[in-house]
Amino acid sequence: MVDVVSFANTLKSINELGEAVDFVAEYFTKNFNSTHSIVLIWSSDENRVIFARWKGFESFPTFLFEKNSEKTGAVIAAIECGCLVLDNYSESSFRLPGEEFEDIGPVVAYAVPIIGSMYLSVSCGRKKDCPSFKSDEVEAIFIITNILANHVSRIVYQESVVRVHKGFYIILSGLERMLRGEDEAAVLSAIVQDMLEVFDAQYVVTFRYDPIQDVLVPVFWHGFVEILPLRPGEGVGGRAFKEKRPVLVADLSFELPRDDKVNIVFSSVLGSVISVPYYLDGRCIGVLCIARARYKPPFTNNELFLLQLIARLLEAILSYNKVRKEEEEKAKIISRLQKMEALGLLASGIAHDFNNILNGIVGLAEILRIKLEDGELKKLADMIVDQVKHGASLTKQLLDFSRRSQAEMAPIDLVVFLKEFVKFITRLFPSSIKVKTTIIPKTAVIIGDINLLHQALLNICINAKDAMPKGGELTVNLLVDDQRGEYIIEVIDTGCGMSKDVLERCLDPFFTTKGGFGTGLGLPQAY
């Protein structure tokens, strides 16, 4: 006689679903002389198996994991009738196709409801030449099935409730960090690490979509040393991104095609997986994925809902930081414009008087040049004229900031303009600098001032040239941003680049890194 009390006490000490099921399968083998056993969880809502473990089979019939599968077996049939006892399974109408099912004889199958629309179904079988199950054995299997069902319900329900509570802590903690203005990367990394513990997951990873490479790039992850990028549609994460919907997989080894490289790599160690897409400005920009080990309980709908809430938190953090960065950038722009305006007011107040002084100086210097014979004094007079002309050029740049006249707006075909501009700077720059261009649109007409555009672009290119004293490559491209409906003129050089400090100040008036050779007004004027 089977000692059910001892069985129940031993099972109570096991708190992992996979271990509990494996214990039951081994218990059937030792105490009922069974050669085959199956324990599965069936979802009536989805009409399919969402979790299964088996013993005595080389492989489990994967079609049982398909939704609305027409094929069935004793373990599935038991869900409809509650109990199924067969003397010869291989000759019954419940026999599944396949050679490994041909030598199964006596079978006992029980199914009992657990949580919501889910059922736990247990099947215990012997070979053909073995005796049928006795009535006391059938009764014992029924009792064991109910004990296991109660235990599974407790594991799944308790862990689900605890994780939901802890998950809300993640959300509140993340919101608090966000409002305190903590670094975005630090906040997201902390959330991902917390999720690993809360969901009892093997790994947690946040993918961000790279439209240029057309791949999902791992940004933050915990649980694995390295996570490889995914193509849209590849793996559970790629599928969630491509279909723009959450994907919950009860057992990875049955859900994906066997030729899926991602599945082959991970299905040996991972069981249940959830992937949820997240958005920014209405566009899907990535997916949030969590996965459990093979012998952990499968994720529930409550946990799927919780992960969706955390994905919304991720969206809120990204959106909040984007707005904050835009506000900071606007503040910098306003500050810079105020500097420009102050400079313009200063220039408009003194530039005309300063020009009059310079005109007087240059006039007197020209008279000296005429009256003096060749010699040192005439050379000094020539230097005075050159320096005054340099001062007049600087004054002209100052006046450009204070100019109140309207720009001469007219249609400009950027394609034609850029081709002519590239020819101009190719002749202007030394041969050691190779000028290249790529023009994407066939035509690109805008309304603007062609002289101001030419001057702004020339100032940028001159700075690029000065950054390549030993030669290099200057590229001027015309691109199209279809999403924003904008044309982009892109200037790229192979020069020395800028340090972070220089980059922050490069648009400030009079800031220059060229020593006495620069005025510090080229880039500010372009801006």
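The structure displayed is predicted, hence computed values, not measured ones.

Caption draft 1: View of the nonpolar core. Counting residues in hydrophobic clusters, the biggest one holds 34 residues, and the most contacted among them are F28, F32, I41, L120, I141 and L148. It is helix α4 (residues 135-179) that provides the largest number of residues to this core, a total of nine residues. Aside from chain neighbours lying at most four places away, what touches I41 is L17, R48, V49, I50, F51, I114, M118, Y119, L120 and V152. Listed in part, the 29 residues of the second largest apolar core include L188, I191, I285 and L318.

Caption draft 2: Spatial organisation of the pairing of strand β5 (residues 118-127). The element β5 is extensively covered by neighbouring structure, given that eight of its ten residues are classed as buried. Where strand β1 (residues 36-43) and β5 come together, eight bridges link them in antiparallel fashion. Each residue of the ladder has a partner; that of V39, found in β5, is V122. One ladder, built from eight bridges, connects strand β4 (residues 104-113) with β5; its direction is antiparallel. Looking at β5, one finds that A109 is bridged to S123. The hairpin formed by β4 and β5 contains four residues between the paired strands, and G116 there has a positive phi angle of roughly 60 degrees.

Caption draft 3: Summary view of the pattern of salt bridges. For the structure on display, the rule yields nine salt bridges. Salt-bridge contacts for E26 lead to K55; the nearest nitrogen and oxygen are separated by 3.3 Å. On the criterion of sequence distance, the pair formed by E26 in helix α2 (residues 17-32) and K55 in strand β2 (residues 48-55) is long-range, its members being 29 residues apart. Taking relative accessible area as the criterion, K55 reaches 30% and is therefore assigned partly exposed.

Caption draft 4: Molecular detail of the packing of aromatic side chains. The full count for this structure, using the stated rule, is seven aromatic pairs. Here F28 and F32 contribute two aromatic rings whose centre-to-centre distance is 5.7 Å and whose plane-to-plane angle is 70 degrees, an arrangement assigned as edge-to-face. In this pair, F28 and F32 are both assigned in helix α2, four residues apart and thus about one turn of the helix distant. Here the two residues F28 and F32 agree in accessibility, since each one is buried. Both rings, one in F417 and one in F421, keep their centres 6.1 Å apart while their planes meet at 20 degrees; by these two values the pair is stacked. Of this pair, F417 and F421 both sit in helix α11 (residues 414-428), separated by four residues, roughly a single helical turn. We classify F417 as buried; its relative accessible area is 8%. Connected via pairs of aromatic rings, a cluster forms that spans F7, F23 and Y27. Positioned over the ring face of F133 is R126, at 3.9 Å from the centre of the ring. Its guanidinium or amino end placed over the ring of F241, K244 lies 4.5 Å from that ring's centre, counting from NZ or CZ.

Procedures and definitions
Residues numbered from 1 in each chain as written. Predicted model: local features only at pLDDT ≥ 70, side-chain atom pairs only at ≥ 80, totals over all residues. Heavy atoms only, no water. Core = buried A, V, L, I, M, F, W, Y, C linked by side-chain atoms within 4.5 Å. Buried < 20%, exposed > 50% of the residue type's maximum accessible area, 1.4 Å probe, protein only. Helix = DSSP H or I, 4+ residues; strand = E, 2+ residues; numbered from the N terminus. Contact = heavy atoms within 4.5 Å. Pairing = 2+ DSSP bridges. Salt bridge = Lys/Arg side-chain N within 4 Å of Asp/Glu carboxyl O. Phe/Tyr/Trp six-rings, centres within 6.5 Å; stacked < 30°, edge-to-face > 60°. Lys NZ or Arg CZ within 6 Å of the ring centre and 35° of its normal.

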